[in-house]
Amino acid sequence: MLMINVFVSSVSTEQIKNLHMRFQQLCGNEKTLRKEHLENIPTLADNPIKTEIIKAFFDKRNQHNNELGSYEEIGFEEFLMVMSHFRPPSIKTSAEEKAAMRKRKVRFLFNMHDTDGDGKITLEEYRKVGIVEGLLSESESIGQEVARAIADAAMLEVASTNVPNMVREVTKITLALFLHFACPQILKDLEMESRMYVRFLDMNTANLRCGK
Amino acid sequence: KDNTILAYPEDVPSNLPVFTMDYPRIQIPFEITLWMLLASFAKIGFHVYHKITIWVPESCLLISIGLIVGAIMHSVLEEPPAVLSSNVFFLYMLPPIVLDSGYFMPTRLFFENVGTVMWFAVVGTLWNSIGIGVSLFAICHIEAFGVQDINLQENLLFAAIISAVDPVAVLSVFEDISVNEQLYIVVFGECLFSDAVTVVLYSMFTFVAEMEVVEPEDVFLGVARFLVVGLGGMGFGVLFGFVAAFTTRFTSKVREIEPLLIFMFSYLAYLVAELFAISSIMAIVCCALTMKYYVEENVSQRSSTTIRHVVKMLGSISETLIFFFLGVVTITTEHEWNWGYILFTLLFTFLWRGLGVLVLTLIINPFRTIPFNMKDQFGLAYGGLRGAISFALAFTLPDSIGRKQLFITATIAVILFTVFLQGISIRPLIELINVRRTNRDVETINVEIHSRLMEHTMAGIEDLCGQWSHFYWKDKFMKFNNRILRRILIRDSRAESSIVALYKKLELQNAMEILDTVSGDISAAPSLKESTNPKKTFMAEDLKNMHDLLSKNMYKIRQRTVAFTSKHALPNDDQPREILIRRHANIRRSLRHGSFQSTIPRSQKYFSLPTGQNLGSKYPSVRRRYAGKLLKLNLQTQF
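Only a predicted model underlies this, so the values are computations on that prediction, with no experimental measurement involved. (Residues numbered from 1 in each chain as written. Chains lettered and ligands numbered in written order. Predicted model: local features only at pLDDT ≥ 70, side-chain atom pairs only at ≥ 80, totals over all residues. Heavy atoms only, no water.)

*Asks:* For this particular structure, what's the right way to read the overall build of chain A?
*Replies:* The secondary structure content of chain A amounts to 11 helices and four strands. Within chain A, the proportion of its 212 residues that are buried is 52%. Of the contacts made within chain A by residues no fewer than 6 positions apart, 55% connect residues no fewer than 24 positions apart. For chain A, the exposed surface amounts to about 9900 Å²; the carbon and sulfur share of it is 51%. (Helix = DSSP H or I, 4+ residues; strand = E, 2+ residues; numbered from the N terminus. Buried < 20%, exposed > 50% of the residue type's maximum accessible area, 1.4 Å probe, protein only. Contact = heavy atoms within 4.5 Å. Areas by Shrake-Rupley, 256 points an atom, 1.4 Å probe, with all protein chains shown as cover.)

As structure tokens, then:
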């Protein structure tokens, strides 16, 4: 329950209860959540990066305990932990807290890209099916080369960010570089950041379905 | 026979006249044209000296010029043209302005903030009208001012007139200093929809002002009418928008009339709404919003450019004329000045606006993604200038209102005061208090990718939580859009400008620019048919340079339109496309001779050109499903 304290500080118990209800609904009869449970959500099926999102829940790196690899199944604590990346800032959140939250979001994105967990995004990973190709795969005849080309372009962009005193390899992006790139450019103060959160308001559980 | 001659006493010329003049025949179109030219010269004149337009908003300048011209006309005892009759203003001058605003509204931003915008527009305007009306009525009782004869209804009517905001000046300042998008869209949207609300209130209060007694049931009827008018306007607008989009599906053989269709349908929406006395402004705005997305896909590149240019032109000229006439008429009408009433009007205007913004923000902030802080609120409150609509409405007051002249004078006073004082001072003030800025750096592929990524992630997380928020609705709408609407309204769902196609095009453009710089001007070569030898043979070193240039610079040169556009300038996404199309044609011609193609060794891979394809190849048509549309909608709406 240690992790929940981090969460609780800015989220009401009501919202935690709601999430708990949802967690239980997703699990069905079992105590812990597995990938199959998430894959059975029908509305998630259309999402082009469904696999990545699901993987993110089971990714140990998002639990901020410096482990690598992924879980087979997760409990409510881990579920909450991942959700806490998306809690909305309130008016009372201080500037440092906001900066810290921004960093966590960027790390979340970084972890989505860095599939082998080595702390660097390589060109292959950037190109990989899932992120760039997944996003673009809706256009069927795009072709591999174009998707690759776009991924290459994106890589180059990040890699050529001008960061003083940082050793850079063109073919890999470290977390530090990504942070440096993403914080001003991607998570520009208001616009992007405003999108990456979910209000854990009261949910009408009657409307929730999860593939049963 | 002498009698018959006397019956026509005019001179009958005996010879064929070499030179005659018939002024009355052409008088009306002639004068209209002259006024328009005069206003345009004024506009041109302002931009000769850049510094002026930074410090003094254009509306101020136009009014000043109008004042000068009015003074001239007054001194020669000329009458200004009857431009401000109700019909001329509402049927001819207002629609272009509203169409301009509606067409270039940044849709995505708008829909993300639609709640706030409507809240401020509707509730805010009501608050202002009722507040100002009631307080003015209160001071009317003070004998010293001598305005006891104005009853409550007339006060409310007057208040409705002056609560319409018109932040033309403010928007251009916001543009220049890149104020944050949220503030911008709220001010923009509020202006647009408060016009609609004001016009509705005006017609309601005019009706009421002429009634002797107001029954309680009339209040209910008023509310009901309000809803009918607002929602009816939107409904009509959307309907006409769909009809227009549907029609453009079939115009591939008659490209020339495409712009005409757009204008005619928008205007028709406006007129039909006027016919039923529902909110024509809402109608035309909703029509433009609906139409834009589908039409821009169906219509050819040139037609699209034409439409944008003409919309901008008409809107700009209308606005210019209105401010100009404001200046002219200020001098030439008879004023009725009443210190007490007018000063209190000014006071109450500021007071109620400030209060209104405070209270409304307090209520709406918890619902907002990004709450407004105090500085934003100041910007909102101070940005409430009055302008064209108030002016026109004041002039079209029915003559049965006893104090019509006073109202006109007061309105003009308020407009001049707000436009000059607030318009000029808002810029330094905003900079002083340092309102949050938006980061308008050149956007990049990564931003595009990651914003898609985030949206999908968020939609996925929301699905996981079972949340319904605006991502959910957006998804739902997108699905509906893709499955049904696009099939009906768009000629072929092939992407003209999908995210990928745009990247390819931009890459091509950059590639061609680089080619131009390295190889001398291929595209400028006059008759390419003869050039079997290119001007320069491509050395390995050149190729290497090209390669380096491409990889380093290509992604930085990228130009993207900013998320919102300036009120007085066109969005500049046309430039890359136009360059592309021109160059594309030229390159293709020159490349057909194969000279360039064969000298590239296969190992030299241009970083983002698709391998195995040459520069001149056509792109495969693209069929898209769900998320691709999301990509595309975003891209489209950015433009």
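*Asks:* Sorry if this is basic, but what is going on with the overall build of chain B here?
*Replies:* Counting secondary structure elements, chain B contains 25 helices and zero strands. A total of 639 residues make up chain B; the buried ones form 55% of that total. Sequence-distant contacts in chain B: of pairs separated by 6 or more residues, those separated by 24 or more amount to 84%. Of the roughly 29000 Å² that chain B leaves accessible, carbon and sulfur atoms contribute 65%.

*Asks:* Explain the packing of aromatic side chains here, please?
*Replies:* The geometry of two aromatic rings is summed up by the distance between their centres and the angle between their planes. All names here are of chain B. Considering all chains together, one arrives at 22 aromatic pairs over all chains under this definition. Judged by centre distance (5.0 Å) and plane angle (85°), the rings of Phe89 and Phe90 are edge-to-face. Across the pair, Phe90 and Phe89 agree in class, each one buried. An angle of 80° between the planes, with centres 5.5 Å apart, marks the rings of Tyr103 and Phe104 as edge-to-face. For Tyr103, a relative accessible area of 1% translates into the label buried. Accessibility expressed as a relative area gives 6% for Phe104, which makes it buried. Members of the aromatic cluster, joined through ring pairs, are Phe110, Phe111 and Phe193. When the ring centre of Tyr103 is taken as origin, the NZ or CZ atom of Lys292, which lies over that ring, is 5.5 Å away. (Phe/Tyr/Trp six-rings, centres within 6.5 Å; stacked < 30°, edge-to-face > 60°. Lys NZ or Arg CZ within 6 Å of the ring centre and 35° of its normal.)

*Asks:* What am I meant to see in a nonpolar patch on the surface here?
*Replies:* Residue and element names in this part refer to chain B. Together, Met21, Tyr23, Ile26, Phe30, Leu34, Leu37, Phe41, Ile44, Val48 and Tyr49 make up an exposed nonpolar region whose accessible area comes to about 1100 Å². Structurally, Phe41 is set in helix α2 (residues 23–48). Residue classification places Phe41 among the exposed positions, given a relative accessible area of 53%. (Patch = residues over 30% accessible without salt bridge, like charges linked within 9 Å, V, L, I, M, F, W, Y side chains within 5 Å. Salt bridge = Lys/Arg side-chain N within 4 Å of Asp/Glu carboxyl O.)

*Asks:* I keep staring at the pattern of salt bridges and nothing clicks. Help me out?
*Replies:* Side chains that differ in charge, positive against negative, can pair when their charged atoms come close. All names here are of chain B. Evaluated as defined, the whole model comprises four salt bridges over all chains. Residue Glu190 pairs with Arg353 through a salt bridge whose shortest N-O separation is 3.1 Å. One end of the pair, Glu190, is in helix α10 (residues 181–209); the other, Arg353, is in helix α15 (residues 339–364), and 163 residues separate them in sequence. With respect to class, Glu190 is no different from Arg353; both count as buried.

*Asks:* Would you take a moment to explain the packing of helix α4 (residues 58–75) of chain B against helix α18 (residues 404–433) of chain B for this structure?
*Replies:* The relative placement of two packed helices is expressed as an angle between their axes plus a distance between the axes. All names here are of chain B. Contact geometry for α4 and α18: axes closest at 9 Å, N-to-C directions at 135°. Accordingly, the angle class assigned to the pair α4 and α18 is oblique. Crossing geometry of α4 relative to α18 is assigned as left-handed. Across the interface between the two elements, Ser59, Cys60, Ile63 and Ser64 from α4 touch Leu416, Val419, Phe420 and Ile424 from α18. Split into classes, the residues belonging to the contact of α4 with α18 amount to six nonpolar, two polar and no charged. (Axes fitted to C-alpha atoms, helices over the stretch in contact; angles between N-to-C directions. Parallel < 35°, antiparallel > 145°, perpendicular 65-115°, else oblique. Left-handed = near helix turned anticlockwise from the far one by under 90°. Nonpolar A, V, L, I, M, F, W, Y, C, P; charged D, E, K, R; others polar.)

*Asks:* Teacher, can you tell me more about helix α17 (residues 388–395) of chain B here?
*Replies:* An α-helix turns once every 3.6 residues. As a result, residues three or four positions apart point the same way. Along α17 of chain B, eight of the eight residues are buried, which leaves the element largely enclosed by surrounding structure. Considered for burial, the residues of α17 of chain B that qualify are Ala388, Ile389, Ser390, Phe391, Ala392, Leu393, Ala394 and Phe395 of chain B.

*Asks:* I would appreciate a short explanation of the packing of helix α8 (residues 152–162) of chain B against α18 of chain B in the present structure.
*Replies:* Residues and elements named next belong to chain B. Between α8 and α18, whose axes approach to 11 Å, the crossing angle comes to 30°. It follows from the interaxial angle that α8 and α18 lie roughly parallel. For the pair α8 and α18, the sense of crossing is right-handed. Contacts between α8 and α18 involve Glu154, Phe158, Ile161 and Ile162 on the former and, on the latter, Phe407, Ala410 and Thr411. Its residues assigned to classes, the contact of α8 with α18 shows five nonpolar, one polar and one charged.

*Asks:* Please clarify how unusual backbone geometry should be interpreted in this entry.
*Replies:* Most peptide bonds are trans, and most residues other than glycine sit at a negative phi. We note that Ala277 of chain B has phi near 55°; this positive angle belongs to a residue other than glycine. Within the secondary structure, Ala277 of chain B is located in the loop between α12 (258–275) and α13 (280–298).

*Asks:* So what exactly am I meant to see when it comes to the confidence of the model for chain B here?
*Replies:* In regions of low pLDDT, the predicted coordinates are not meant to be interpreted in detail. Residue and element names in this part refer to chain B. Model confidence for chain B is summarised by a mean pLDDT of 71, while 67% of its residues fall at 70 or above. Every residue in residues 495–499 is under pLDDT 50, and counting partners more than four places away or in other chains gives 17 contacts. Every residue in residues 519–580 is under pLDDT 50, and counting partners more than four places away or in other chains gives 137 contacts. Under the prediction, the complex receives an ipTM of 0.79, its pTM being 0.66. (pLDDT = per-residue confidence, 0-100.)

*Asks:* Would you take a moment to explain the nonpolar core for this structure?
*Replies:* Nonpolar side chains in soluble globular proteins tend to end up buried together. The biggest cluster of nonpolar side chains holds 123 residues, and the ones touching the most others in it are Phe174, Val285 and Tyr341 of chain B. Top contributing element to this core by residue count: α10 of chain B, with 15 residues. Here Phe174 of chain B is in contact with Val179, Leu183, Tyr184, Val187, Gly379, Ile426 and Ile430 of chain B, once residues within four sequence places are set aside. Counting 32 residues, the second-largest nonpolar core is a separate cluster that includes Ile16 and Ile53 of chain A together with Met458 and Ile461 of chain B. (Core = buried A, V, L, I, M, F, W, Y, C linked by side-chain atoms within 4.5 Å.)

*Asks:* Help me out: how do you make sense of the confidence of the model for chain A in this one?
*Replies:* For chain A, per-residue confidence averages 66 on the pLDDT scale, and residues scoring 70 or more make up 49% of the total. The model gives residues 201–212 of chain A a pLDDT under 50, and that stretch makes 29 contacts with residues more than four places away or in other chains.

*Asks:* Is there a simple way to explain the environment of Val285 of chain B in this structure?
*Replies:* Residue and element names in this part refer to chain B. With respect to the helices and strands, Val285 occurs in helix α13. Given the relative accessible area of 0%, Val285 is considered buried. Between the C-alpha atoms of Val285 and Pro95, which are 190 residues apart in sequence, the distance is 9.6 Å. Residues within four places of Val285 in sequence aside, it is in contact with Val98, Gly102, Met105, Leu192 and Phe193.

*Asks:* I keep staring at the side chain of Lys43 of chain B and nothing clicks. Help me out?
*Replies:* Structurally, Lys43 of chain B can be placed in helix α2. A distance of 3.3 Å separates the side chain of Lys43 of chain B from the side chain of Ser316 of chain B, its partner in a polar contact. (Polar contact = N/O pair within 3.5 Å; in protein donor to acceptor, adjacent residues only side chain to side chain.)

*Asks:* Which parts of the structure should I look at to understand the side chain of Thr330 of chain B?
*Replies:* Residues and elements named next belong to chain B. Relative to the helices and strands, Thr330 is located in helix α14 (residues 301–332). Here Leu326 takes part through its backbone oxygen, which lies 2.4 Å from a polar atom of the side chain of Thr330. Apart from the residues lying within four places of it in its own chain, the contact partners of Thr330 are Leu67, His335, Ile412 and Leu416.

*Asks:* It is not clear to me how the environment of Phe367 of chain B should be interpreted in this structure. Could you clarify?
*Replies:* If you trace the backbone, Phe367 of chain B turns up in the loop between α15 and α16 (374–382). Sequence-wise, Phe367 of chain B and Thr116 of chain B are 251 residues apart; in three dimensions their C-alpha atoms are separated by 8.8 Å.

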